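Now for the letters of each chain:
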Amino acid sequence: MTRITRFLARTISLRLSLMVLVALASLLMAALFIMFCYSRKAVKEEALQKADQTLETIIQSIDNVMLSVEQSSGNIYWKMMAHQGKPEKIELYRKKLIEFNPYIIGCSVILDSTFNAINTTVPCWTDVKVNDSLMDKASTSFCLPIYLGEKKAGMLVSDVSLTLLSKIVLEAKPSPNSYCTLIGNNGTLIVHPDSSVLNQNMFTLANKAEDPAMKEIVQAMMEGDKGYRHIKLDGKDCYVFYKPFERADVPGRYTERLGWSAAVVYPEDDIFGEYNELLYIVLIIAVVGLALLLLLCQTFIHRQLLPLRLLAKSAHRIAKGYYDEPIPSSKQQDEVGRLQKHFQQMQQSLATRVGEMKQLTDTLQERGDALQTTYEQAQVAEQMKTSFLYNMSNQMMAPARGIYTNVMTISKNYKELTDETTNQLVDEIHYRGEKITELLNQLISDSEKQMK
């Protein structure tokens, strides 16, 4: 019994080991899941940081161009002011401004009434304008008012090519499939990789977009907000990071708000592509590893419990009455082997006992059959005896009634009866008495024969 207990303890320990392995595998999967959740969060934060850096780089680069144009225009302005009334000098400085500043593609000095078309009294940047309906000549201008005393007498206008701004914006992108855009203060699309949508209003494009969140993004950009949203563009999941255009605070610079806003369209595959690929690979490895671990554990436990299953099968067959089936011998010397050996001895002892019980049962069956035959014969004899007694009783009843009748006749009418009649009645009584005596002698004779 102690050996069986130890074997069962060993089996239970194997089962517990399997449960522990499964629990460890589950903990490992949970740890991987948590790790990947934090990794996804880190990847998203990194993408947000990269997009913010890209937007900051775009804004700084464009602002550096604008600052250079502002400073160059300011320097020429003071030189022009020193030569008022000398058109040839003003024209010379205008040409030098275009020659020495690579960002300026055109410069105009307006000294007549047409300067009122640009109604401003402070330095400012105008909205993007398109010349001759050609996008390659689109530009934005820096306007510097010219004063004669306290009266505004004209305007120095320096034009910056939109192509230059587009190059700065489109070259700055955080991933191969991402792109950047620039929106003006009235919602006009200044820079976009698709030239067919340039100079169009973003609200018009947002109304045509498949994702309603596009309107919210445009509204937020127009209000000067900073943030990001997840939307669907052209059937792809993307993140749009946006930030208002803020000019650097430089001493002597008039930093009015332009109302521009920059945005980065960042495809989700560029952000989480490698992460998702790694996640799928790790999940496949984890699932395959867990399956192999379970298979190995199951195979090991199956091999360890195989002898016990054979014994269970043999016990089931013995329970059905197959006592003579041989139980295979075991070469193992552990608890399983000893258990199988004792089980063989038990099966042999049980077979011997069953044989003895079968022999005893056969003997009892023979004796029972003999007793049954004897009992049936006794039943037949009893029936015959009953039938004989019934017949004999019927035969004695008629003489007995006759004797009774004659006796009653003599006892009641003896005074009236003649001697002849009386003698006749007495003879009948005598005859019938002999008849009854003969029947009783026959009954006694038959009883003695049956006793013998």
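Each value, and the rule that gives it
- Residues numbered from 1 in each chain as written.
- Predicted model: local features only at pLDDT ≥ 70, side-chain atom pairs only at ≥ 80, totals over all residues.
- Heavy atoms only, no water.
- Helix = DSSP H or I, 4+ residues; strand = E, 2+ residues; numbered from the N terminus.
- Buried < 20%, exposed > 50% of the residue type's maximum accessible area, 1.4 Å probe, protein only.
- Pairing = 2+ DSSP bridges.
- Salt bridge = Lys/Arg side-chain N within 4 Å of Asp/Glu carboxyl O.
- Axes fitted to C-alpha atoms, helices over the stretch in contact; angles between N-to-C directions.
- Expected span 1.5 Å × (residues − 1).
- Arc of directions from axis to C-beta.
- Contact = heavy atoms within 4.5 Å.
- Core = buried A, V, L, I, M, F, W, Y, C linked by side-chain atoms within 4.5 Å.
- Phe/Tyr/Trp six-rings, centres within 6.5 Å; stacked < 30°, edge-to-face > 60°.

Colleague: Sorry, what's going on with unusual backbone geometry here?
Modeller: Excluding glycine, a negative phi dihedral is what most residues carry, and trans is how most peptide bonds are arranged. Backbone geometry places Asp-234, a non-glycine residue, at a positive phi of 55°. For Asp-234, the position within the fold is in the loop between β8 (227-233) and β9 (236-244). Asp-234 sits in the exposed class, given a relative accessible area of 74%.

Colleague: Explanation requested: the pairing of strand β10 (residues 261-267) in the structure shown.
Modeller: On a regular strand, each side chain points to the face opposite its neighbour's, so the side chains alternate between the two faces of the sheet. Extensive coverage of β10 is indicated by the burial of 7 of its 7 residues. Here β10 shows a buried face lined by Ser-261, Ala-263, Val-265 and Pro-267 and a second buried face lined by Ala-262, Val-264 and Tyr-266. The pairing of strand β6 (residues 179-183) with β10 spans 5 bridges and is antiparallel. Counterpart to Ile-183 in the pairing with β10 is Ser-261. Note: β9 against β10, 7 bridges, orientation antiparallel.

Colleague: Looking at this structure, I do not really get the pattern of salt bridges. What am I missing?
Modeller: Side chains bearing opposite charge may pair, as long as their charged atoms lie close to each other. Overall, the coordinates contain 7 salt bridges when judged by the stated rule. A salt bridge links Glu-216 to Arg-229; the nearest nitrogen and oxygen atoms lie 2.5 Å apart. Here Glu-216 is found in helix α5 (residues 213-222), whereas its partner Arg-229 is found in strand β8, with 13 residues between them in sequence. Lys-232 is the partner of Asp-237 in a salt bridge, and the nearest nitrogen-oxygen pair spans 2.8 Å. Among the residues examined, Asp-237 registers a relative accessible area of 30% and is labelled partly exposed. Each member of the salt-bridge network shares a partner with another, and the members are Asp-52, Glu-56, Lys-226 and Lys-243.

Colleague: Explain the sheet that holds β10 to me, please; I cannot follow it from the model alone.
Modeller: Working definition: the strands of a sheet are paired by backbone hydrogen bonds and lie parallel or antiparallel to each other. Strand order in the open sheet made by the 5 strands is β7-β6-β10-β9-β8, with antiparallel pairing throughout. For this open sheet the edge positions go to β7 (189-191) and β8, each flanked by a neighbour on one side alone. In this sheet, neighbouring strand axes are inclined to one another by 30° on average, regardless of whether the strands run parallel or antiparallel. Examined bridge by bridge, β8 and β9 share 7 bridges and lie antiparallel to one another.

Colleague: Any chance you could explain helix α2 (residues 87-100) here in plain terms?
Modeller: It helps to recall that an α-helix has 3.6 residues per turn; residues three or four apart then point in one direction. With 14 residues, α2 should reach 20 Å at 1.5 Å per residue; the first-to-last C-alpha distance of 20 Å fits that figure. If you check which residues of α2 are buried, you get Ile-90, Tyr-93, Arg-94 and Leu-97. For α2, the angular spread of the buried residues around the axis is 105°, confining them to a single face. Residues of α2 that are exposed and point over 90 degrees away from its buried face: Glu-88, Glu-99 and Phe-100.

Colleague: Would you take a moment to explain the side chain of Ser-72 for this structure?
Modeller: With respect to the helices and strands, the residue Ser-72 is situated in helix α1 (residues 2-81). Ser-72 sits in the buried class, given a relative accessible area of 19%. Ignoring any residue separated from it by four or fewer positions in sequence, one finds Ser-72 in contact with Leu-97 and Asn-101.

Colleague: What's the story with the nonpolar core in this structure? I'm lost.
Modeller: Inside soluble globular proteins, nonpolar side chains tend to come together where they are buried. The biggest cluster of nonpolar side chains holds 45 residues, and the ones touching the most others in it are Ile-62 and Trp-260. Contacts of Ile-62, omitting those with residues within four sequence positions, involve Leu-165, Ile-168, Val-169, Leu-182, Phe-245 and Trp-260. Of all hydrophobic cores here, the second largest spans 18 residues; its members include Val-197, Met-221, Leu-233 and Val-240.

Colleague: Is there a simple way to explain the packing of aromatic side chains in this structure?
Modeller: Both the distance between ring centres and the angle between the ring planes are used here to describe each pair of aromatic rings. All chains considered together, the criterion is met by 7 aromatic pairs. With a centroid separation of 5.3 Å and an interplanar angle of 45°, the aromatic rings of Trp-125 and Phe-142 are classed as tilted. Note that Trp-125 is positioned in strand β2 (residues 124-125) and Phe-142 in strand β4 (residues 134-148), a separation of 17 residues in sequence. On the basis of relative accessibility, which here comes to 8%, the residue Trp-125 falls in the buried class. Through pairs of rings, three or more aromatic residues link up here, namely Tyr-228, Tyr-239, Phe-241 and Tyr-266.

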